[in-house]
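# A closer look at the structure
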Amino acid sequence: MDRGDRAHRSSPGYSVPTTLHLVGPTSWTEVAAVLSYEAADPFAVRIGFGEAGEPADEGVTWLLGRELLAAGLERPAGDGDVRLWPARTDGDVLHLHLRAPSGEALFELSRATVAAFLQQTEALVPTGQETAELDVDEELAVLLSGGADPGAR
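So, here's what we can say about the structure. (Residues numbered from 1 in each chain as written. Predicted model: local features only at pLDDT ≥ 70, side-chain atom pairs only at ≥ 80, totals over all residues. Heavy atoms only, no water.)

### Some thoughts on the environment of Ala 100
Positionally, Ala 100 belongs in strand 7 (residues 93-100). C-alpha separation for the pair Ala 100 and Asp 81, spaced 19 residues apart in sequence, amounts to 6.6 Å. (Helix = DSSP H or I, 4+ residues; strand = E, 2+ residues; numbered from the N terminus.)

### Considerations on the sheet that holds strand 6 (residues 82-86)
Across the sheet, eight strands lie side by side as 4-3-2-1-8-7-6-5; this open sheet has antiparallel pairing. Since the sheet does not close on itself, it has two edges, and those belong to strand 4 (60-65) and strand 5 (77-79), each with one partner. Strand-to-strand twist of the sheet, defined as the mean angle between neighbouring strand axes without regard to direction, takes the value 30 degrees. Bridge analysis of strand 5 against strand 6 gives three bridges, and the strand direction is antiparallel. Considered in strand 6, the bridge of Gly 78 is made with Arg 83. (Pairing = 2+ DSSP bridges. Axes fitted to C-alpha atoms, helices over the stretch in contact; angles between N-to-C directions.)

### Things to note about the packing of aromatic side chains
In this structure the tally under the stated criterion is two aromatic pairs. On the numbers, 5.3 Å between centres and 25 degrees between planes, the contact of Phe 49 with Phe 107 is stacked. With a gap of 58 residues between them, Phe 49 in strand 3 (residues 44-49) and Phe 107 in strand 8 (residues 103-110) connect regions that are remote in the sequence. Using a relative accessible area of 14% as the deciding quantity, one classes Phe 49 as buried. Accessibility expressed as a relative area gives 7% for Phe 107, which makes it buried. (Phe/Tyr/Trp six-rings, centres within 6.5 Å; stacked < 30°, edge-to-face > 60°. Buried < 20%, exposed > 50% of the residue type's maximum accessible area, 1.4 Å probe, protein only.)

### Re the environment of Leu 96
Its location among the elements puts Leu 96 in strand 7. The class for Leu 96 is buried, based on a relative accessible area of 0%. On a C-alpha basis, the gap between Leu 96 and Gly 78 in space is 9.8 Å, while along the polypeptide they are 18 residues apart. Sequence-distant contacts of Leu 96, defined by excluding residues within four places in its chain, comprise Leu 20, Ile 47, Leu 64, Val 82, Arg 83, Leu 84, Ala 105, Leu 106, Phe 107 and Leu 109. (Contact = heavy atoms within 4.5 Å.)

### What to know about the pairing of strand 7
When a strand is regular, its side chains alternate between the sheet's two faces. For strand 6 and strand 7, the ladder comprises five bridges, and the chain directions are antiparallel. Across the sheet, residue Arg 83 finds its bridge partner in strand 7, namely His 97. In this structure, the hairpin formed by strand 6 and strand 7 is closed by a connection of six residues. In this sheet, strand 8 lies alongside strand 7 in antiparallel orientation, the contact comprising eight bridges. Paired with Leu 94 across the two strands is Leu 109, which belongs to strand 8.

This is the structure:
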């Protein structure tokens, strides 16, 4: 069992399917996605692109800081590869700009969906309590063992 499996099995989490809108030059394209959070990785939120239930290796997953996602609900946030900002109107729109070496994409998503998702993550790990969720000794042992499970003999 690798470290990812161990974290996934022992950690509570929360996921919600959603739809993002890829903004194109002349139209929008709906893109299925899943927002997910695990207490074992308390600083991170994952956005998996693809249908819910698809194997993780079938789609693309972006890792975002939970703090960045929360900040983006209220004001422009992020720098470089991931940027978020609310629409200038009072609508339910949050903009997400992702940049990779292969290109970039601008999405619109529901600000209310993201806010509700973040509220659920707070129930799992309140902001400011993230380091209490980390097992630093175990993570260090995994790193020092070259990624092998230090408990396996």
